[in-house]
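Geometric and topological summary
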Amino acid sequence: MPDPLVLAADVEVELVEKRSRFLTRLHRVEDVAAADALIHAARREHPDARHHCTALVIGAREETAEVHRSNDDGEPAGTAGMPMLQGLLHAGLTDTLAIVIRYFGGVKLGAGGLVRAYTAGVEQAVAAAEMRRRTLLTVAELEVPLAEAGVGENAVRLWAASHGAMVEETQYSSRRALLTVLLAEDLLPALQADAARWSSGRVAAAPVGHRPADVPL
C-alpha cells in the first residue's frame, strides 16, 4: 500500500458553474475537533453562502480509528460530500478536510451537474496543493562530546541535506550533544560510515526505533 499524502499548506480555489460560485478549501487537520472548528469558521466567514459541504479523512492513531466523514449540507443526498470524499481518497490524502462553500447563482445544476462541480472543486484544489509523503523512517541517534558538537552537527546536517534525511534540534547536556536523524532504513549504513569518518571512529549512529514523518515528494 503506498504511503499516504498530507498537505504542506492549506489551499483555496474557486470554480464558477452556471453562475454558482464554488470555493473549495483544503485544510490539514489532526483530529475531528480541529475540523469542526474550521467548518464553523467557514460558516461565520461566509454566512450568505447557500451550502458549506464537507469531507474529512483522518488517519488511524494509536488511540483512535481512521475517520471518513462527509456532509451534503442541504444539497441532494450523495451529490456533494461523498464525491468530495472520494476525491480526497482517490488523491491518497489523509489528515485532510475539504470544505466547498457554494453561492447559488440562480440556475439549478441537477444531480449530475452538482456531482461534477463538487468533484471538480476538490480535484482543482488537490492539483494546486503542495504535498508531503507520510512514511515510516528510522530514528538514529549520535552522542557527540561537547568539544566536538559543532563539528558533529555540521557534518550530520551536511550529510542529511545530501541524502534527503531530517535532523531534529540538537539536545545538550553537561557532557554531550545528542543528534537525532530521521532517515530511510537503507541509508543507515551510509550515515554510520560518515559518522565514523568525521569522528575517527569515536561516534556511532545507533538506530533507536522508527517514526512516521512527512517528507517532500
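Calculation rules
- Residues numbered from 1 in each chain as written.
- Predicted model: local features only at pLDDT ≥ 70, side-chain atom pairs only at ≥ 80, totals over all residues.
- Heavy atoms only, no water.
- Phe/Tyr/Trp six-rings, centres within 6.5 Å; stacked < 30°, edge-to-face > 60°.
- Helix = DSSP H or I, 4+ residues; strand = E, 2+ residues; numbered from the N terminus.
- Buried < 20%, exposed > 50% of the residue type's maximum accessible area, 1.4 Å probe, protein only.
- Pairing = 2+ DSSP bridges.
- Axes fitted to C-alpha atoms, helices over the stretch in contact; angles between N-to-C directions.
- Contact = heavy atoms within 4.5 Å.
- Salt bridge = Lys/Arg side-chain N within 4 Å of Asp/Glu carboxyl O.
- Core = buried A, V, L, I, M, F, W, Y, C linked by side-chain atoms within 4.5 Å.
- Polar contact = N/O pair within 3.5 Å; in protein donor to acceptor, adjacent residues only side chain to side chain.

**A look at the packing of aromatic side chains**
Within this structure, the stated rule accounts for one aromatic pair. Seen in terms of ring centroids, F22 and Y118 are 5.2 Å apart; in terms of plane orientation they differ by 85 degrees. Their pairing is edge-to-face. In this pair, F22 sits in strand β3 (residues 20-28) while Y118 sits in helix α3 (residues 110-128), placing the two residues 96 residues apart along the sequence. On the basis of relative accessibility, which here comes to 1%, the residue F22 falls in the buried class.

**Observations regarding the sheet that holds strand β6 (residues 96-103)**
Sheet architecture is open: five strands sit in the order β2-β3-β6-β4-β5, paired in antiparallel fashion. Unpaired on one side and paired on the other, β2 (11-17) and β5 (67-71) mark the two borders of the sheet. Recorded for the sheet is a direction-independent mean angle of 15 degrees between the axes of neighbouring strands. Bridge count between strand β4 (residues 51-58) and β6: seven bridges; the pairing is antiparallel. Bridging across to β6, L56 finds its partner in L97. Where helix α2 (residues 81-90) meets the sheet, it contacts β3, β4, β5 and β6, and its direction lies at approximately 35 degrees from that of β4.

**Things to note about the pattern of salt bridges**
For the coordinates displayed, the defined rule picks out 18 salt bridges. Note that R43 is salt-bridged to D73, the shortest N-O span being 3.2 Å. Highlighted residues: R43 in helix α1 (residues 32-45) and D73 in the loop between β5 and α2, separated in sequence by 30 residues. Its salt-bridge partner being E148, residue R202 comes within 3.2 Å of it at the nearest N-O pair. Here R202, found in the loop between α5 (188-198) and β11 (205-216), pairs with E148, found in the loop between β7 (131-145) and α4 (149-163); they are 54 residues apart in sequence, far enough to count as distant. Residue classification places R202 among the exposed residues on the basis of a relative accessible area of 53%. One salt-bridge network, in which partners are shared between bridges, spans R28, E30, R61, D95, R134 and D214.

**A short note on the nonpolar core**
Of all hydrophobic cores here, the largest spans 26 residues; its most connected members are F22, L26, M84, L88, L93, A98 and Y118. Residue assignment for this core shows that the elements contributing at least two residues are β1 (5-7), β2, β3, β4, α2, β6 and α3. A per-element tally of this core places α3 first, with six residues. Once residues within four sequence positions are removed from consideration, A98 is found in contact with R25, L26, C53, T54, A55, M84, L88 and V122. Residues A160, L179, L183 and A205 belong to the second largest nonpolar core, which totals 17 residues.

**Details of the side chain of T94**
Within the element layout of this structure, T94 appears in the loop between α2 and β6. For T94, a relative accessible area of 8% translates into the label buried. From its side chain, T94 meets the backbone nitrogen of G59 in a polar contact 3.1 Å long.

Honestly, it's all geometry; don't read function into it.
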